[in-house]
Amino acid sequence: MSFGVSLSGTSLAKSMKEALAYEVQEARVYNKDFKPGLAVVQVGDRQDSNVYVGHKMKVAEELDFKAVHVKLRQSVTEAEILSTIETLNDDPTIHGIIVQLPLDCVHEVDVLKCTMHVDPLKDVDGLHPLNAGKLAQGDLSSGFIPCTPRGCLELIKSSGVELEGKSACVIGRSKIVGSPMASLLKWHNATVTVCHSKTENIVQIVQNTDIVVVAVGSPKIVQGHWIKPGAVVVDCGINSVEDSSAARGYRLVGDVDYVACAERAAFITPVPGGVGPMTVVMLMRNTLESAKRFFNIPAQARKVRVNVREDVEGFLVAGVSQKPCAKTKKSVYPSDIEVSRTQTPKPISRLAGEIGILPSEYSLYGKYKAKVSLDLEKRLSSAELGSYVVVTGITPTPLGEGKSTTTVGLSQALCAHLARNTFACLRQPSQGVTFGIKGGAAGGGYSQVIPMEEFNLHLTGDIHAITAANNLLAAAIDTRMLHENNNQDDKLLYKRLVPEVKGQRKFNQCQLRRLERLAICKTQPEDLTDDEIRHFCRLDIDPDSITWNRVLDTNDRHLRKIMIGLGDAEKGNSRELEVCVGQSLVVLIPGMSGFQFGCVISTNVRFILTAISQAFLKSALLCNNPAPAARGYRLVGDVDYVACAERAAFITPVPGGVGPMTVVMLMRNTLESAKRFFNIPAQVDLESARFISDFEQPEDRKNPVDFVIREDVEGFLVAGVSQKPCAKTKKSVYPSDIEVSRTQTPKPISRLAGEIGILPSEYSLYGKYKAKVSLDLEKRLSSAELGSYVVVTGITPTPLGEGKSTTTVGLSQALCAHLARNTFACLRQPSQGVTFGIKGGAAGGGYSQVIPMEEFNLHLTGDIHAITAANNLLAAAIDTRMLHENNNQDDKLLYKRLVPEVKGQRKFNQCQLRRLERLAICKTQPEDLTDDEIRHFCRLDIDPDSITWNRVLDTNDRHLRKIMIGLGDAEKGNSREAQFDIAVASELMAILALSSDLDDMRNRVRRIVIGYNKHSGQPVTADDLFVSDSLTVLLKDTVEPTLMQTVEGSPVFVHAGPFANIAHGNSSIIADRLALKLVGPRGFCVTEAGFGADIGMEKFFNIKCRTSGLKPNLAVIVASVRALKMHGGAPKVSPGQILPKEYSTQNVKMVEAGFSNLAKQIENARLFGVPVVVALNRFESDTVEELEAVQRLARGAGAFDAVICEHFAKGGLGAVQLGEAVIRASALPSSFKCLYELNIPIEEKIRTIACKIYGAKDVSLSEAAKKAAEKYESLGLSNLPICMAKTHLSLSHEPDVKGAPQGFVLPIRAMRLSYGAGFIYPLVGTISTMPGLTTRPCFVDIVIDPMSKQIDGLF
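Small disclaimer: the values here were computed from a predicted structure and weren't measured.

Caption draft 1: Representation of the pairing of strand 5 (residues 167-171) within the structure. Buried residues dominate strand 5, accounting for four of its five residues. Across five bridges, strand 5 lies against strand 6 (residues 191-195) in parallel orientation. Each residue of the ladder has a partner; that of S167, found in strand 6, is T191. Viewed along the sheet, the connection from strand 5 through helix 7 (residues 178-186) into strand 6 turns out right-handed. In this sheet, strand 7 (residues 211-214) lies alongside strand 5 in parallel orientation, the contact comprising four bridges.

Caption draft 2: A look at the packing of aromatic side chains. One pass over the structure, following the stated rule, counts 14 aromatic pairs. Geometrically, the ring pair formed by F1100 and F1101 is edge-to-face, given 5.4 Å between the ring centres and 65° between the ring planes. Of the two residues examined, F1100 and F1101, each falls in the buried class. Ring pairing ties together the aromatic residues Y789, F1100, F1101, F1168 and F1232, which thus form one cluster.

Caption draft 3: Focus on the packing of helix 30 (residues 891-898) against helix 32 (residues 931-938). It is at 9 Å that the axes of helix 30 and helix 32 come closest, and there the two elements cross at 60°. The angle between helix 30 and helix 32 places the two elements in the oblique class. The two elements helix 30 and helix 32 cross, and the hand of that crossing is left-handed. The segment helix 30 lies against helix 32, with D891, K892, L894, Y895 and L898 engaging D931, I934, R935, F937 and C938. When its residues are assigned to classes, the contact of helix 30 with helix 32 shows six nonpolar, no polar and four charged.

Caption draft 4: Here's a closer look at unusual backbone geometry. Here the amide bond leading from V271 into P272 is cis, since omega sits at -5°, within 30 degrees of zero. With respect to the secondary-structure elements, P272 resides in the loop between strand 11 (267-268) and helix 10 (275-295). Looking along the chain, the bond that leaves V654 and enters P655 is cis, with omega of -5°. By secondary structure assignment, the location of P655 is in the loop between helix 21 (641-645) and helix 22 (658-677). In the Ramachandran plot, D64 falls in the positive-phi region, its phi being about 65° despite a non-glycine side chain. For D64, the location among the structural elements is in the loop between helix 2 (47-62) and strand 3 (66-72). Phi at A1056 is positive, roughly 65°, even though this residue is not glycine.

Caption draft 5: Broad picture of the pairing of strand 43 (residues 1114-1120). Counting buried residues in strand 43 gives seven out of seven residues, a clear majority hidden from the surface. Every second residue of strand 43 is oriented toward a common face, with L1114, V1116, V1118 and S1120 on one face and A1115, I1117 and A1119 on the other, all of them buried. Pairing of strand 30 (residues 788-794) with strand 43, which is carried by five bridges, proceeds in the parallel orientation. Across the sheet, V792 pairs through a bridge with V1116, a residue of strand 43. The pairing of strand 43 with strand 44 (residues 1172-1177) spans six bridges and is parallel. Along strand 44, the bridge assignment pairs V1116 with V1173.

What counts, and at which threshold
- Residues numbered from 1 in each chain as written.
- Predicted model: local features only at pLDDT ≥ 70, side-chain atom pairs only at ≥ 80, totals over all residues.
- Heavy atoms only, no water.
- Buried < 20%, exposed > 50% of the residue type's maximum accessible area, 1.4 Å probe, protein only.
- Helix = DSSP H or I, 4+ residues; strand = E, 2+ residues; numbered from the N terminus.
- Pairing = 2+ DSSP bridges.
- Right-handed = clockwise from strand over helix to strand, strands pointing away.
- Phe/Tyr/Trp six-rings, centres within 6.5 Å; stacked < 30°, edge-to-face > 60°.
- Axes fitted to C-alpha atoms, helices over the stretch in contact; angles between N-to-C directions.
- Parallel < 35°, antiparallel > 145°, perpendicular 65-115°, else oblique.
- Left-handed = near helix turned anticlockwise from the far one by under 90°.
- Contact = heavy atoms within 4.5 Å.
- Nonpolar A, V, L, I, M, F, W, Y, C, P; charged D, E, K, R; others polar.

Listed below in structure tokens is the structure:
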């Protein structure tokens, strides 16, 4: 009896392992750090999985791979598995990831989702749909082929049998073996049949097959008589069968009866020792290939994969679909922006892949920009360098020599036309230049960086970051000098610099370094002598020696020489200095975390028309016998219809068969896509498939946003992200906010967007955990029903903090992750002035916060920076216009400069045409204006004393509260007193928060009133300065809210951040409206109002809701026992200091006395017709009696309910009762109404707020306030809501008066107009719009680890 040749996988695998080991050593010649990394994720403790994983780890280690075995417990959640995979995706030392199947898990886990979560570039198992799709389409080189099919193919090849033309049968259709094996054989030109459990006549099919691959998991299912003599049989099965004679009581067999089939087969694989060893070695092969791509080995001649072709006019073009820009009659060449707009840039992710940058090595900033991580340099540490070329020029002239254009053009020539890998490296242009005289700096013509607008505007925010950092240092310098001068006592200054925190004093790292520089070898604050304290504390900076200037990224000549520190609080600390353009600092501060790259376009091109050759029969075939067709031909199919119809039971005709069905299925697919796009829940049963929106879940779904809820080891309920309880330290009952944030692993924001129903085309990534959401989403959801609208406010604030942001986040987590209600939290973006000042971050706190905390509290997506840039451009325009009007006494000369001749033609732009319309000058040609009309058009005649528009910085800088600008020689006679505000106090921030879309924002910006004409008293607007549309350009991206997530993975919109005193202190209308539409009718939008209910909530109702037309369902008022004690007469406290004993010992009477404030705020909310739920944040020192007293009193005062909350410590679980109360209260009918009508007099509106909300007896307007009110009424501007600017620390105008004062008269000192935002703000007392820095601000404790980029000390 003869047997077929055994195809030993063991021997073949051994020889292939030797080859792999040689390749590893060969690769290290290119890069000494080369080390492939393989990670296996195993869930549970199945014995067979343990054996398989152990074998894989052993082989990997033998080949000197980095082998990582991640073994997760059986109780692991799907969210934790996904989080683990995400961590491995981001690990640059791991090049291959496999998820060991089956998953031994007690919870229900979507296996497909887990395998899909593996980065396709690391999916060495080849199971990701992208890799599976490549194999299905015949791409066998760029993706990964599954290991078992690849091993089977190698075994078949080792037999020497030629695959081409052979018949092959694959028994089994699994995604892991059967289906990919069939594709692999098909693309090696075998004729393949796939058999499975439903296949009829399977034996007959196999008997006629040359190659048989079996993978069904059923012992010896394939019998000998099935096999065609001389066939090749590959057995992928491995099954254990009982065998008492075996040592282990069982033996391993395959899906094939080896003995019987070997009698007929020419070649056959044994089990064990056949496919198994090859599967493992192919896993190593895939991992090695992945690592080679990662390390760029071997170095390719052409890393930039550009399709070079010859254009019809002889040009070589590459990379993007090029379109020549039509040449106009008036210009030989189109403008740069016209060229840029006609091109279609590649997505930057595609370009990154072409040049060998891995997805883990860059962060997208929109579609066409990305920041590149310095991890790339580590990976390429051993790479050979290319040639280094610098482009420079002759001494510059106003004509421009074109260095940037040459740099880009040369790189295009080398890369796209001469087949050399080439990078162009350019500087980021300053916005001062962009909006000044030069314009953009992206190159020019057909040699420029595109998109041109993105290159020339904010880019990825580096200049803004440098500006912020520079000005923080400048503020620190003046603040330190102030505090040293004002604190003559060394020990008092020392006490402030090294304060006692929770009973302990210690130096931080900055202070220890100073001690080292002073050669003071001590580390304990108590050990310093008086002389050492003096030297440590006092820098004694010579003001005349200071070389560090403040900077703005705006051309602003009036800041060339200024005097700062002119305010009363800074007396004796004023000094003269200059402000530089922000870009001047770029060369002084290196070390940004990455660089930007963009697409470059090629030279002038034309489309190429290519002929399409036909691979099969012509569609028009002539027939021998039938009557001549009208068109001279007729359509036939691939089948002889007449002959085949005689034998077939059913047959499709041509035409009229498949063709119409193809079209209707195209319509079916389009309809299903549209339903997903429009979030339409109406289901269409198509082959038992139900298309359900990810966010609109059915009633019985436990979690609304694809969360898996589990009980944590310490009893916390957590969801959505891989939660880890933060270890409690000895010194603190609770970990710090940054510690909590850092122990959590957030979901990629793209995943969260998918869960809540936002399409990829509707958001732009800003890194991995933030995204800007397009307003196209609102268009898609225009008909969506709205959810319930909840505003979170509080009692009158105290330094202790009541926890509004924490409650907003905690409530949203409770509703979303624990009560199965779709919920969005909507928060304001915090100012960096606050972050680096005294308060620290503003992302919530504890286990109820927005993560990543660092990204939330720092630059976010650049909205505040954009507002700063736009605000200061307008400020510069104001002073520049006054200067030029004063210096150009001749109206016609000024007119000539404002409307210059360009290429032989003068014409008005759109801004100027609008000014002519406002002046009732009905002319459109510059030459037609009379001298009088020219004078009125040119001269704004701004009264300097009437200017209300201030410059802003996002830095606490008290020395800029009162300054003198325009002290330079060139600005003589144009100096004036001015001030800087904190950036979030800008009217532009209020405009952003109240705008409905970009068009609305543009109109609001145009009508900003900056001052008044000194002759007519008429308002002067931003549009009169011809700068309004430029401001809108700077602000265009700010209208898109930023999507982030909470600790528990529920969605958050962060948008806008207006002050709550001179502005309305609420997040944006846009964010709230989008959230209400996304959550649906059963969901909730939880939005926060700044300060207490008397300020933030009142403005939320009277200004925000009036503007938006949205009707709130209820208000949540946040309070705490200790805050009520302060309102009840307890001693004053300071943040960070030890609390007096009154706050830690029971005192129900003091709580009851302080309840008057909460009672007044409940009354205030009910004035607007909405129900009130009180959230009572619990602290450890609170007693049951105190808490119950507040609950009792709150319900008695009219609150729907009063709930004790513990979300700081327990996350959403700690706010479940609050969430339940909110759900019940939201079901009540809302009779929302505003407090006053807009058409009543200004003074009456003020009186209504003061008496009804604050408890005042009356109001008293100063003469200045009365004149302002009269002026606004005479100008027809009085029909606006009122935005009271008063202290937030009391219901009255006196900050020290706590509780609920009554019978006082509220003094109105002055009145201002924010016409762009759409309100009038009366000033009650002195309101500071530029905070100061303390002796020891927060920035003293903030540090970063350059290696890990981990930030410490941020709150």
